[in-house]
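Residue strings, one per chain:
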Amino acid sequence: MEPHHANKPKPKLSMKHSKFISCKLYISESRNAMAVDAIERASKSDAQVVVVSQFGDNHYNRFRYTLVSYIIDDRSTGEVIYSPIRKVLLAMIEAAFSTIDLESQSGAHPRIGVVDDLSFHPLGQATMEDAASLAKQVASDIGNGLQVPVFLYAAAHPTGKSAGAIRRELGYYRPNYKDNQWLGSMLPDVLPVKPDVGPTHVSHKRGATTVGVTPWIENYNVPVLSKDVATVRRITRRVSGRGGGLPTVQALALFHGDDCTEIACLLDPDHVSAYQVQTVVEQIAGEQGLEVEQGYSTDITKDAMLDKYLKITCADD
């Protein structure tokens with residue numbers, strides 16, 4: 001796959017900007033080559049926006065793109081007035097909507113929409129307020145511009161409502177088909193909860209979207225060699241912060257092949273390490289007589305991300 005920055009002009013940005021933003025864009029499709037290609041082409045539409053990493057999983061039928069760019073704010077108001085990432089995200093989202101139909105999509109990962117989630121994270125000297133300002137602009141592009149319901153969470157939400165709370169209200173974690181996949185659209189025509197932006201009516205082809213702002217999080221998956229999803233879910237609850245396990249850890253037990261159930265985790269690296277997650281999963285699974293493989297991160301670190309972005313965008317022509 002050709003690097004997204006190939007044959008692109010490389011503007012010198014390091015001396016101009018100190019505030020940067022990262023967005024993790026989660027698309028509910030990884031098997032459709034035409035869709036993946038269209039989204040990737042859209043991601044290359046501005047050389048000042050870099051897809052620093054991406055990760056697709058065919059069992060989950062899900063793709064994550066991690067983008068980085070700079071932001072400019074109004075010093076008098078503090079509001080973000082420009083970031084090239086906004087236009088690129090919109091282009092990628094439009095490409096996803098034009099090539100993916102949620103009604104015919106299935107996968108082992110839950111989802112409420114074709115564009116399932118956008119999580120924004122400040123980098124460099126950017127603040128959570130900067131990230132929230134930009135996130136709300138992108139939410140408006142999706143909700144008001146494309147007429148897709150958008151639910152805000154964490155620092156983008158007026159009361160800081162969590163993504164997990166929103167998803168539970170929408171039935172995101174409901175039992176799936178034969179414990180191994182979600183099929184088609186899962187939302188009713190009229191949403192049971194009013195979205196923060198956009199219509200209350202849902203297109204079954206597009207679904208809905210969540211948009212949030214949090215401190216940097218890491219994705220870490222631990223394979224448990226068992227088809228017994230119910231047992232692995234019990235282990236997952238004991239690992240997650242909500243279940244009284246490791247603080248800040250969010251975890252899901254997801255079918256991942258013929259003989260494996262993964263514990264997919266989101267963690268705050270300032271509070272919990274991947275090593276701690278691995279150790280606790282191994283300990284609890286061992287009590288059930290289950291074998292655990294070494295887990296893996298699906299993204300690069302926060303520091304590596306900004307470093308990679310600056311090296312690409314600030315290189316000499």
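Cut-offs applied
- Residues numbered from 1 in each chain as written.
- Predicted model: local features only at pLDDT ≥ 70, side-chain atom pairs only at ≥ 80, totals over all residues.
- Heavy atoms only, no water.
- Phe/Tyr/Trp six-rings, centres within 6.5 Å; stacked < 30°, edge-to-face > 60°.
- Helix = DSSP H or I, 4+ residues; strand = E, 2+ residues; numbered from the N terminus.
- Buried < 20%, exposed > 50% of the residue type's maximum accessible area, 1.4 Å probe, protein only.
- Arc of directions from axis to C-beta.
- Contact = heavy atoms within 4.5 Å.
- Domains from an automatic or database assignment.
- Buried area = accessible area lost by both parts, 1.4 Å probe.
- Salt bridge = Lys/Arg side-chain N within 4 Å of Asp/Glu carboxyl O.
- Nonpolar A, V, L, I, M, F, W, Y, C, P; charged D, E, K, R; others polar.
- Pairing = 2+ DSSP bridges.
- Axes fitted to C-alpha atoms, helices over the stretch in contact; angles between N-to-C directions.
- Patch = residues over 30% accessible without salt bridge, like charges linked within 9 Å, V, L, I, M, F, W, Y side chains within 5 Å.
- Areas by Shrake-Rupley, 256 points an atom, 1.4 Å probe, with all protein chains shown as cover.
- Lys, Arg positive; Asp, Glu negative; His and termini not counted.
- Charge placed at Lys NZ, Arg CZ, Asp CG, Glu CD.
- Parallel < 35°, antiparallel > 145°, perpendicular 65-115°, else oblique.
- Left-handed = near helix turned anticlockwise from the far one by under 90°.
- UniProt positions renumbered as here; feature names shortened; annotations may be inferred.

1. Let's talk about the packing of aromatic side chains
Here is step 1 of the chain: Summed over the entire model, instances satisfying the criterion amount to five aromatic pairs.
Here is step 2 of the chain: Ring geometry for Phe 20 against Tyr 309: centres 5.8 Å apart, planes inclined by 70°, an arrangement best described as edge-to-face. Here Phe 20 is found in strand β1 (residues 19–27), whereas its partner Tyr 309 is found in helix α7 (residues 302–313), with 289 residues between them in sequence.
Here is step 3 of the chain: Taking the relative accessible area as the measure of exposure, Phe 20 reaches 4% and is therefore buried.

2. Regarding helix α5 (residues 229–239)
Here is step 1 of the chain: Considered for burial, the residues of α5 that qualify are Val 229, Thr 231, Val 232, Ile 235, Thr 236 and Val 239. All buried residues of α5 lie within an arc of 160° about the axis, which places them on one face of the element.
Here is step 2 of the chain: Next to the buried residues of α5 lie β11 (218–224), β12 (250–255), β13 (261–267) and α6 (274–287).

3. Brief notes about the domain arrangement of the chain
Here is step 1 of the chain: For the chain, the domain assignment lists domain 1 (19–214) and domain 2 (218–297).
Here is step 2 of the chain: Taking the mean C-alpha position of each, domain 1 and domain 2 sit 25 Å from one another.
Here is step 3 of the chain: The partner domain 2 presents 13 residues to the 15 residues of domain 1 that form the contact.
Here is step 4 of the chain: For the domain 1 and domain 2 pair, buried surface summed over both sides reaches about 1200 Å², with 54% attributable to carbon and sulfur atoms.
Here is step 5 of the chain: Three residues, His 59, Tyr 60 and Asp 179, lead the burial of domain 1 against domain 2; their summed loss comes to 38% of the area buried on that side.
Here is step 6 of the chain: The tally of links from domain 1 across to domain 2 stands at zero salt bridges.
Here is step 7 of the chain: For the side of domain 1 that touches domain 2, a count of residues per class yields seven nonpolar, four polar and four charged.

4. Considering the sheet that holds strand β7 (residues 115–124)
Here is step 1 of the chain: Judged by pairing direction, the sheet is mixed, and its six strands sit side by side in the order β2-β3-β1-β7-β10-β8 without closing on themselves. In this open sheet, the two edge strands, each paired with only one partner strand, are β2 (50–57) and β8 (150–154). The average angle at which neighbouring strand axes cross in this sheet is 15°, direction not considered.
Here is step 2 of the chain: Examined bridge by bridge, β1 and β7 share nine bridges and lie antiparallel to one another. Considered in β7, the bridge of Leu 25 is made with Leu 118.

5. Things to note about a negative patch on the surface
Here is step 1 of the chain: Together, Asp 258, Asp 259, Glu 291 and Glu 293 line one region of the surface with negative charge.
Here is step 2 of the chain: Relative to the assigned elements, Glu 291 resides in the loop between α6 and β14 (296–297).
Here is step 3 of the chain: Assessed through its relative accessible area of 52%, Glu 291 is described here as exposed.

6. Notes on the packing of α5 against α6
Helix-helix packing is characterised by the crossing angle of the two axes and by the distance between the axes.
Here is step 1 of the chain: Running from N to C, α5 and α6 cross one another at 140°; their axes reach a closest spacing of 10 Å. When the axis of α5 is compared with that of α6, the two are oblique. Taken as a pair, α5 and α6 cross one another with a handedness that is right-handed. Across the interface between the two elements, Ile 235, Arg 238 and Val 239 of α5 pack against Val 280, Val 281, Ile 284, Ala 285 and Glu 287 of α6.
Here is step 2 of the chain: Per-class residue counts for the contact of α5 with α6 are six nonpolar, no polar and two charged.

7. Thoughts on the environment of Ala 253
Here is step 1 of the chain: Locating Ala 253 in the fold gives a position in strand β12.
Here is step 2 of the chain: Its relative accessible area of 8% is what places Ala 253 among the buried residues.
Here is step 3 of the chain: Considered as a pair, Ala 253 and Ala 230 are 23 residues apart in the sequence and their alpha carbons are 8.5 Å apart.
Here is step 4 of the chain: Once you skip the residues sitting within four places of it in the chain, Ala 253 turns out to touch Val 232, Arg 233, Thr 236, Thr 261 and Glu 262.

8. Some remarks on the UniProt feature "domain: Formiminotransferase N-terminal subdomain" (unreviewed entry) in the chain
Here is step 1 of the chain: Look at the UniProt record and you will see "domain: Formiminotransferase N-terminal subdomain" (unreviewed entry) annotated at residues 19–215.
Here is step 2 of the chain: With 27% helix and 28% strand, residues 19–215 has its two end C-alpha atoms placed 15 Å apart.

9. Thoughts on the sheet that holds β11
Here is step 1 of the chain: Strand order in the open sheet formed by four strands is β12-β13-β11-β14, and the pairing between neighbours is antiparallel. Whereas interior strands pair on both sides, the edge strands pair on one side only; in this sheet they are β12 and β14.
Here is step 2 of the chain: Bridge analysis of β11 against β14 gives two bridges, and the strand direction is antiparallel. The residue bridging Tyr 220 from the neighbouring strand is Ser 297, located in β14.
Here is step 3 of the chain: Where α5 meets the sheet, its contacts fall on β11, β12 and β13, and the angle it forms with β12 comes to roughly 170°.
Here is step 4 of the chain: Across the sheet, α6 touches β11 and β13, and the angle it forms with β11 is around 25°.

10. A few points about the environment of Gln 288
Here is step 1 of the chain: Its location among the elements puts Gln 288 in the loop between α6 and β14.
Here is step 2 of the chain: Sequence-wise, Gln 288 and Ile 235 are 53 residues apart; in three dimensions their C-alpha atoms are separated by 9.0 Å.
Here is step 3 of the chain: Excluding residues within four positions of it along the chain, Gln 288 makes contact with Thr 231 and Ile 235.

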